[in-house]
Amino acid sequence: MAEAHSAVAFSFSITHEGFDINYDQEVLNLVWQSGVRSWKKRIARFRNGLRNGIYPAHLQSLWLVIAIAVALHFSGKRVPLDMVNSIRPILPGDSAVWQLVACSLTGLVFWLSICYTMRYSLKLLLMYKGWMYEARGKGKSISFKTKFWAAIVKVLSTWNKPGLYSFQGSLPRLPLPSVHDTMTRYLRSVRPLLDDENYNRMTQLAKEFESGIGKKLQRYLTLKSWWSTNYVSDWWEEYVYLRGRSGLMVNSNFYGIDAIFTNLTENQAARAANITHLLLNFRRIVERQELEPILVQGLVPLCSWQYERIFNTVRVPGIETDKIVHYQDSNHIVVLHKGCYHKVIIYHRGRLLRPCEIQIQMEQILKSDSTPSPGEELLASLTAGDRTKWAEVRLSQFSKGVNKQSLYIVESAAFIVALDDEEYEFDVKNPAKLDHYGRILLHGNGHDRWFDKSFTVCVGKNGRVGFNAEHTWADAAVLSHMWEHYIVEEKLANRADAPIKGHVWEYVVANEISIGYDEKGNCFGTAEFQPPAPTRLAWDLKNPVCLTAIEEAHEAAQLVLNDLDLKVYMHNAYGKGFMKTCRVSPDAFIQMALQLAYFRDAGRFSLTYEASMTRLFREGRTETVRPCTIESAAFVRAIDKKPQWNVEECVKLMQKACSRHQLAYQDAMCGKGIDRHLFCLYVVSKYLEVESPFLKEVLSEPWRLSTSQTPHGQTTMFDFSKNPEYISAGGGFGPVADDGYGVSYIVAGEDLIFFHISAKKSCELTDASRFAERIGQALADIRILFEEYKSLTSNGTAAHKKASNGIANHN
């Protein structure tokens, strides 16, 4: 009740002695500071919105154009189109002042014309995707067309420094493929999965769909592609995520691990304080749009739309569908420790608390002897369980009183920090400890993560960290960028040769903030004042209906997490360094290894999912690449004949399969994918209440091998190739199919790859540890293959040279 009392900042009453006014000066001061901060953000948003609206033009160039119009008019020369003289009759007077007004209006019109001409010129240029398909590297030449295009884009997009959202208005819309093209690509993708009879049947279904209902569905989808910013993203978010009724834990949420080769401190409170401060600084540069937008090859921008909802965001359960709620501002975080919830104010006296001050707050929570109230310890299980049940309980038990207030504080927090009471372990000599590390982050104990929040920062007792993220609001690449930014900032702070670079560093230096740890593992610096003490959130969960719902959700969560089979495999025999010598894409190389591993594990090929991004287009999210192709199947069958393989044939098949995979990846990035188009056609068919046997069968096909590469190197602040120990160990997700595998991987250096492999223990056909061994063996076999090929070709070349020299000497 302390929080309820402190919320009463002002009271007014009339007594027989007169007026009685009571107020809490500290609370009113907090209210005033919150209002000031909100108004500053509104002004900043308005200024940024104006700047983004005219990008790539300069706002300052307006005054130059007006000055030119004034100079031309008063020098007796006519402004183009004689616009000044056309405006003057409309104005109330014709004095020099009104003539200046006419010149200003004329300059504004011409300036806006120039702005929008530049903006739409850039948009037209960004529609060109030919650069994606041109080979690069030694001995490769780029066409004159692409060089000329790149030069113009460079001029338009870099002469005015862009903000985070500056390119949003210039990004093209996601193109809608034709039904014929999608059918052709689809049939080619399923050929290695079907025998002749089933393939002929599927071909007939596709032809009937293309010539029949497909035309009607495509017309409606074409209309949507003209009207909406992105014809896929809103439906994808709604029907794939928000309408899902199963629990988020394992099924939807994913996790990310720390840079495990460096542990800067074992002080849990200090690490939690530093990460909290740096993430809030990241929030600051996102809100101010000072974060540099990601440019592919330093030239082509990616959509930054998803960054808007990183912080202050929650997925709210609904009876039929959930919704994403984003709060414009939040001055607190919520810390979860030993089943108790604590509100922690992170702004005080007009500024963000420094790490050493936040450490004091974290230590107060860790030293607290508070015990959970009845039902509180298992409360977060509600966010892990069935969405409809959680929505019903929320409406009946959390819609009023103290529960409503506390739930609002949790959901409106910038993010959640979970201070776990166990260590996150990693040992180079015993990498198997990473398995438990991954499980802790993905599901914890089922009730120590608030799975509805955009992300939860998890801090182990030994100072190692990780995160658990909700998937609906954004894709993993956005969280990876945030996480990478945090790791770089924290690691650089503890290096003597750290370059002062980036907006966070500029803020840190300008405000004399100490980032990093002293020799005892505590945060640098001395607190300037006693920070606001954490406040325990109060809950009233004694109602039997509420307690029963919590217990049922907890039991359901335990079933899910106990069924999870997770293996984090560290492959350190070689990495992308060797793959590059094979002259194939490292990602394609790994995908071929996964195809070989799955074939050996299951004895057959399966529909395979690899996530690709479509952020070259406005509000783009992901597209599916299908790595199981005719070419990959031919390669797998050839190499699986080891040791009787034909080395030259296997290498040629591998290179051909990798080229096909790379082309499919490029097509997906350029809006020529298969699955998002088919998904949207299916949604239209459901709206029209028409049945399509083809779409029904396609959308019901299980993804038994679901894969994704964790990106890194998204920040320009640091060269990871020179310091691979600072690369995160990546992250993972649960299996998509009950009888399948979920595989996430990160190429963590020239000689290191991490694989995060998940499956279900209840399935007798899958085993995560066994599949990890299959991957390791597949990578080893492919390496042997290429080494034999290089030896064969080098010996052949040497023999050829020796024979040539002998002939020359004889002559």
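Residues numbered from 1 in each chain as written. Predicted model: local features only at pLDDT ≥ 70, side-chain atom pairs only at ≥ 80, totals over all residues. Heavy atoms only, no water.

Q: For the overall build of the chain, give the residues involved together with the corresponding values.
A: The helix and strand tally for the chain stands at 26 helices and 22 strands. For the chain, the residues scored as buried account for 54% of the 811 residues in total. Partitioning the intrachain contacts of the chain with sequence separation of at least 6 by distance along the chain shows that 77% fall at a separation of at least 24. Looking at the chain as shown, the accessible area adds up to about 36,300 Å², and 56% of this sits on carbon and sulfur atoms. (Helix = DSSP H or I, 4+ residues; strand = E, 2+ residues; numbered from the N terminus. Buried < 20%, exposed > 50% of the residue type's maximum accessible area, 1.4 Å probe, protein only. Contact = heavy atoms within 4.5 Å. Areas by Shrake-Rupley, 256 points an atom, 1.4 Å probe, with all protein chains shown as cover.)

Q: Can you tell me about the sheet that holds strand β22 (residues 752–760), naming the residues and giving the values?
A: Within a sheet, adjacent strands bond to each other through the backbone by hydrogen bonds, running parallel or antiparallel. As summarised here, the arrangement of the six strands in space is β16-β22-β21-β19-β17-β18, forming an open sheet in which the pairing is mixed. At either margin of the open sheet sits one strand with a lone partner, and together these are β16 (564–571) and β18 (622–625). Here the average twist between neighbouring strands, direction ignored, is 25°. Of the pairings in the sheet, the one linking β16 to β22 comprises eight bridges and is antiparallel in character. Bridging from a neighbouring strand, Val-568 pairs with His-756 of β22. The sheet contacts of helix α19 (residues 544–563) involve β16 and β22, and relative to β16 the element is tilted by about 35°. (Pairing = 2+ DSSP bridges. Axes fitted to C-alpha atoms, helices over the stretch in contact; angles between N-to-C directions.)

Q: I'd like a description of the sheet that holds strand β8 (residues 332–337), backed by residues and values.
A: Reading across from one edge, β15-β9-β8-β12-β13-β14-β3-β20 is the order of the eight strands in this open sheet, with mixed pairing throughout. A single partner strand is all that each edge strand has here, and the edge strands are β15 (535–536) and β20 (731–733). Sheet topology places strand β9 (residues 340–345) next to β15; two bridges connect them, and they run antiparallel. Bridging from a neighbouring strand, His-342 pairs with Arg-536 of β15.

Q: Could you give an account of the packing of aromatic side chains, naming the residues involved and the relevant values?
A: On inspection of all chains with the given rule, the structure shows 37 aromatic pairs. Seen in terms of ring centroids, Phe-261 and Phe-426 are 5.5 Å apart; in terms of plane orientation they differ by 85°. Their pairing is edge-to-face. Within this pair, whereas Phe-261 is found in the loop between β3 (254–257) and α11 (268–287), its partner Phe-426 is found in the loop between β12 (416–419) and α16 (433–443), the two being separated by 165 residues in sequence. Judged by relative accessible area, Phe-261 falls into the partly exposed class, the value being 32%. Feature note: the residues Tyr-341, Trp-390, Phe-398, Trp-450 and Trp-539 constitute an aromatic cluster, connected by ring pairs. The side chain of Arg-191 reaches across the aromatic face of Tyr-199, ending 4.4 Å from its centre. The positively charged end of Arg-676 is found above the aromatic ring belonging to Trp-236, 3.7 Å away from the centroid. (Phe/Tyr/Trp six-rings, centres within 6.5 Å; stacked < 30°, edge-to-face > 60°. Lys NZ or Arg CZ within 6 Å of the ring centre and 35° of its normal.)

Q: Can you explain α11? Please cite residues and give values.
A: Note: α-helices contain 3.6 residues per turn, so residues at a spacing of three or four share the same orientation. Taking 1.5 Å per residue as the helical rise, α11 with its 20 residues ought to reach 28 Å, and the 28 Å between its terminal C-alpha atoms agrees with that figure. Among the 20 residues of α11, 19 are classified as buried, and the element is accordingly described as predominantly covered. Residue Gln-289 follows α11 closely and has a positive phi angle near 60°. (Expected span 1.5 Å × (residues − 1).)

Q: Describe unusual backbone geometry, naming the residues involved and giving the relevant values.
A: Lys-642 connects to Pro-643 through a cis peptide bond whose omega is 5°. Note that Pro-643 resides in the loop between α22 (630–639) and α23 (647–669). Of note in the backbone geometry, Lys-338 takes a positive phi value of approximately 50° without being a glycine. Considering the arrangement of structural elements, one finds Lys-338 in the loop between β8 and β9. Unlike most non-glycine residues, Glu-619 shows phi in positive territory, near 60°. Relative to the assigned elements, Glu-619 resides in the loop between β17 (608–613) and β18.

Q: Run through the pattern of salt bridges, naming residues and quoting values.
A: Counted according to the given criterion, the structure contains 38 salt bridges. Where Asp-258 meets Arg-271, a salt bridge forms, and the shortest distance between an N and an O atom there is 3.0 Å. Of this pair, Asp-258 sits in the loop between β3 and α11 while Arg-271 sits in helix α11, placing them 13 residues apart in sequence. Taking the relative accessible area as the measure of exposure, Arg-271 reaches 0% and is therefore buried. (Salt bridge = Lys/Arg side-chain N within 4 Å of Asp/Glu carboxyl O.)

Q: Break down a nonpolar patch on the surface for me, with residues and values.
A: A cluster of nonpolar side chains, namely Val-97, Trp-98, Val-101, Leu-105, Leu-108, Leu-112, Tyr-116 and Tyr-120, defines an oily patch on the protein surface of about 660 Å² accessible area. Its place among the elements puts Leu-112 in helix α5 (residues 96–126). (Patch = residues over 30% accessible without salt bridge, like charges linked within 9 Å, V, L, I, M, F, W, Y side chains within 5 Å.)

Q: Give a detailed account of the confidence of the model for the chain, specifying residues and quantitative values.
A: When pLDDT is averaged along the chain, the result is 89, and 90% of the positions lie at 70 or above. This stretch, residues 798–811, has a pLDDT under 50; its non-local contacts, to residues over four places away or in other chains, come to zero contacts. (pLDDT = per-residue confidence, 0-100.)

Q: Give me the nonpolar core: which residues, what numbers.
A: By size, the foremost hydrophobic cluster in this structure holds 115 residues, and its most contacted members are Phe-415, Phe-455 and Phe-694. Ranked by the residues each element gives to this core, the list is headed by α11, at 11 residues. For Phe-694, the contacting residues outside a window of four places in its chain are Met-183, Tyr-186, Met-202, Leu-205, Ala-206, Phe-209 and Leu-678. Formed by 49 residues, the second largest nonpolar core is a distinct cluster that contains Ala-638, Trp-645, Tyr-745 and Ala-772. (Core = buried A, V, L, I, M, F, W, Y, C linked by side-chain atoms within 4.5 Å.)

Q: Please set out the pairing of strand β6 (residues 313–316) residue by residue, giving values where relevant.
A: Remember that side chains alternate between the two faces of the sheet whenever the strand is regular. Burial of the side chains of β6 extends over both faces: Thr-313 and Arg-315 are buried on one face and Val-314 and Val-316 on the other. Sheet topology note: the β6/strand β7 (residues 323–326) ladder contains four bridges and is antiparallel. For Thr-313, the partnering residue across the bridge sits in β7 and is His-326. Hairpin connection from β6 to β7: six residues lie between these consecutive antiparallel strands.

Q: Go over the environment of Val-743, please, and point to the residues and values.
A: If you trace the backbone, Val-743 turns up in strand β21 (residues 741–749). Classification of Val-743 by relative accessible area gives buried; the value is 0%. Considered as a pair, Val-743 and Ser-758 are 15 residues apart in the sequence and their alpha carbons are 6.5 Å apart. The contacts of Val-743, once residues within four sequence positions are left out, are Leu-594, Leu-705, Ser-706, Thr-707, Ser-708, Phe-733, Phe-755, His-756, Ile-757 and Phe-771.

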